[in-house]
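# Structural description and commentary
Take a look at the letters that make up each chain.
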Amino acid sequence: MTDAPIPAAAALRPGAGRMGLYLLLGFAAGLPFYLFSATLSLRLAKHGVDIVIIGFFAWVSLMSTIKFAWAPLLEKYDVPGFGRFWGKRPGWIMLSQLAIFASALGMAFTAKDTSLPLTALFAVLLAFWTSTLEIAADGWRVELAPHADEQGPLVAANQWGYRTSMVIASGGAIFLADKFDWTIAYLAVAVLAFLPFPVLAALRPGHADASGRMAALLTGTLASLGAIVASIVAVGAVGWVLLAAIGSVGISNPGVASYWVFGVCLLPFILLGVAVPWLRKLPWDAPLRRSAAVGPYVDVAWRYGIVVIPILLFVSVYRTGDVMANTLSHPLFNALGYSLKSIAAADAYVALVAGILGVTMGGILAAKAPMGWALVIGGIMSALSNWIFAWLAHQAPGGPIWFSLFGLQVTAGDFDLYLAMALDQFGHGFEGAVFVVYLSLLVNPRFPSAQYALFSGLAFLIPRLLAGLSGVFQKAIGYDGFFLMAGAMSLGALIFLPFIVGARPKPDDTPAGATA
């Protein structure tokens, strides 16, 4: 008896079911994101942690950047139990859901931040498993909808769910922290992060002759527990080694740290420039192209040739403004004196509506307009989204009461905060939807998970490395200078567009009937 997989497109036909699935998966990925990024930065600021150290915590998000390092494992292996019944990609999503729940619990019970290394451990674990969920979900999306007109609606649904859950994990968590404490806030989000799991478990089988749903659940859960324990040990060991190594090169000296950061930013492109001419000549049966570990990445260079360098440079800079704003926006709100209640309202009501509108408009534009123009408009929106925070840095809370928002009295100063947040979330939601469609179109459908992980990971390599130095930049040029600089970086990415908009991949040379 064989376990014949049901084709993804057949198992999930276009329509409300597929849209609902990606709304759910976006929700599952967005919930934990703010817990180790913006909400954590505000939590650390409230506990009096220095702005430079808060900036260093932005490097936790590098887990999403380097996710291509383990993405091939998701292409090759199934999760025991889960994979056999539901299929490869749903199986990995379910494992990630369990691990996200466990990691969020860890962050909840270390919420006093009395031990920053322990806080960092659970934040990194949460980022790792969130990235793993994204690898599987993105690969599944590319399989389901390989064309731009199909990607637009799926991306929009995914981003609606993502941004809705981010609002819950930011505005909702901050509201609970104000009313109770940070432990309760993180526990509540951990419970919500687990809710998509039973929905996924109720999906139809991913194999034509799959049987034993409960046995698959039990086997998959036990395998997941083993994977969670192994990840705690691995992250703890690697973290200890890295902290020792970073300390030896002078992490306490921001000048030295910045040299290392800029060196790491440039290294991948230097190595790629040297390797592309050689990789371009490899035949279809060359070991590097057929390797499960590196074949999907060699394929990117083989298909695009030397133009892959401006493509990856563009990809690596385009979202800089978004990442930089996410790193220091909440410490800015705290420094200006806004209350947790006002920040929670900005993150909840304002961000939700503005973000969904931005995602919707960006998804429509990406599906209907030439991609080059869509990317230009997205870059301009990103720049404006940062520059509004440079303006906010010169405002202050308080002033006369203008109106009430869901029972919360809004002063003139509060309105400044809500206006800035609305423009920020609309602009970055718009830019993000356009960008996801662009990245999806770069991917070879033969390697959807691994190649999307590569592109989306490199998209945040430079921004997140720089974000780790955001506290250093802020101390040097202030909040207004910092956000002016971040907006200019978003516009700077557009200089690569003339080199990449006409790029077309080389046709596959694998002979018919041969194993790729």
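Here, the structure is the one placed above.
The rules we used
Residues numbered from 1 in each chain as written. Predicted model: local features only at pLDDT ≥ 70, side-chain atom pairs only at ≥ 80, totals over all residues. Heavy atoms only, no water. Helix = DSSP H or I, 4+ residues; strand = E, 2+ residues; numbered from the N terminus. Buried < 20%, exposed > 50% of the residue type's maximum accessible area, 1.4 Å probe, protein only. Areas by Shrake-Rupley, 256 points an atom, 1.4 Å probe, with all protein chains shown as cover. Salt bridge = Lys/Arg side-chain N within 4 Å of Asp/Glu carboxyl O. Patch = residues over 30% accessible without salt bridge, like charges linked within 9 Å, V, L, I, M, F, W, Y side chains within 5 Å. Contact = heavy atoms within 4.5 Å. Phe/Tyr/Trp six-rings, centres within 6.5 Å; stacked < 30°, edge-to-face > 60°. Lys NZ or Arg CZ within 6 Å of the ring centre and 35° of its normal. Core = buried A, V, L, I, M, F, W, Y, C linked by side-chain atoms within 4.5 Å.

For the rest of this paragraph, the subject is the overall build of the chain. A count of helical and extended segments in the chain gives 25 helices and two strands. Burial analysis of the chain (516 residues in total) assigns 57% to the buried set. Here the chain has roughly 20,300 Å² of accessible surface; of this, 73% comes from carbon and sulfur atoms.

On to the pattern of salt bridges, then. All chains considered together, the criterion is met by six salt bridges. One salt bridge connects E134 with K67, and the closest N-O pair in it is separated by 3.4 Å. Placement of the pair is E134 in helix α9 (residues 116-144) and K67 in the loop between α5 (62-65) and α6 (71-76), with a sequence separation of 67 residues. We note that E134, like K67, is buried. One salt bridge in this structure joins E431 and R319, with 3.4 Å as the shortest N-O distance. Here the residue E431 occupies a position in helix α21 (residues 412-442), and R319 occupies one in the loop between α17 (308-318) and α18 (320-336), the gap between them amounting to 112 residues. The same class applies to E431 and to R319, which are both buried. In this structure, a network of salt bridges that share partners links the residues R319, D322 and E431.

Here we take up the environment of L466. Examined against the element boundaries, L466 turns out to sit in helix α23 (residues 461-467). For L466, a relative accessible area of 6% gives the class buried. Each C-alpha atom, one on L466 and one on A58, is 8.9 Å from the other, the two residues being 408 residues apart in sequence.

In this section: helix α22 (residues 448-458). Of all eleven residues in α22, eleven are buried; the element is thus mostly enclosed. Buried residues of α22: P448, S449, A450, Q451, Y452, A453, L454, F455, S456, G457 and L458, and no others.

Attention shifts here to a nonpolar patch on the surface. A surface patch of nonpolar side chains, amounting to about 540 Å² of accessible area, comprises W391, W402, F403, F415, L419 and L423. For the nonpolar patch, the element with the highest residue contribution is α21, accounting for three residues. Following the sequence through the fold, W402 ends up in strand β1 (residues 401-405).

Relative to the elements of secondary structure, S61 occurs in the loop between α4 (51-56) and α5. The contact partners of S61, leaving out residues within four places of it in the chain, are F36, S37 and R464.

So, about the packing of aromatic side chains. With the rule as written, the count across this model stands at 18 aromatic pairs. A ring pair is formed by F314 and Y318, whose centres lie 4.9 Å apart and whose planes are at 40°; its orientation type is tilted. Of the two residues, F314 and Y318 both sit in helix α17, four residues apart, roughly one turn of that helix. With respect to class, F314 is no different from Y318; both count as buried. Their ring planes at 35° and their centres at 6.3 Å tell us that F426 and F430 sit as a pair that is tilted. In this pair, F426 and F430 are both assigned in helix α21, four residues apart and thus about one turn of the helix distant. An aromatic cluster of three or more residues is present, and its members are F82, F85, W86, F101, F194 and F197. Over the face of the ring belonging to Y186 we find R43, whose NZ or CZ atom lies 4.6 Å from the ring centre.

All right, on to the nonpolar core then. If you look at the biggest cluster of nonpolar residues, it comprises 172 residues, and the most contacted ones within it are F314 and Y438. No other element matches α9, which puts 15 residues into this core. When near neighbours in sequence (up to four residues on either side) are disregarded, F314 contacts L375, F435, Y438, A493, F496, L497 and I500.

Here M107 lies in helix α8 (residues 88-108). The exposure class assigned to M107 is buried, which follows from its relative accessible area of 0%. Each C-alpha atom of the pair M107 and L40 lies 9.6 Å from the other, and the pair is 67 residues apart in sequence. In contact with M107, other than residues within four places in its own chain, are L35, L40, R43, F122, A123, L126 and Y186.

Inspection of the secondary structure assignment puts T110 in the loop between α8 and α9. Under the relative-accessibility criterion, T110 is labelled buried at 12%. Not counting the four nearest positions on each side in its chain, T110 is found in contact with R43, L118, T119 and F122.

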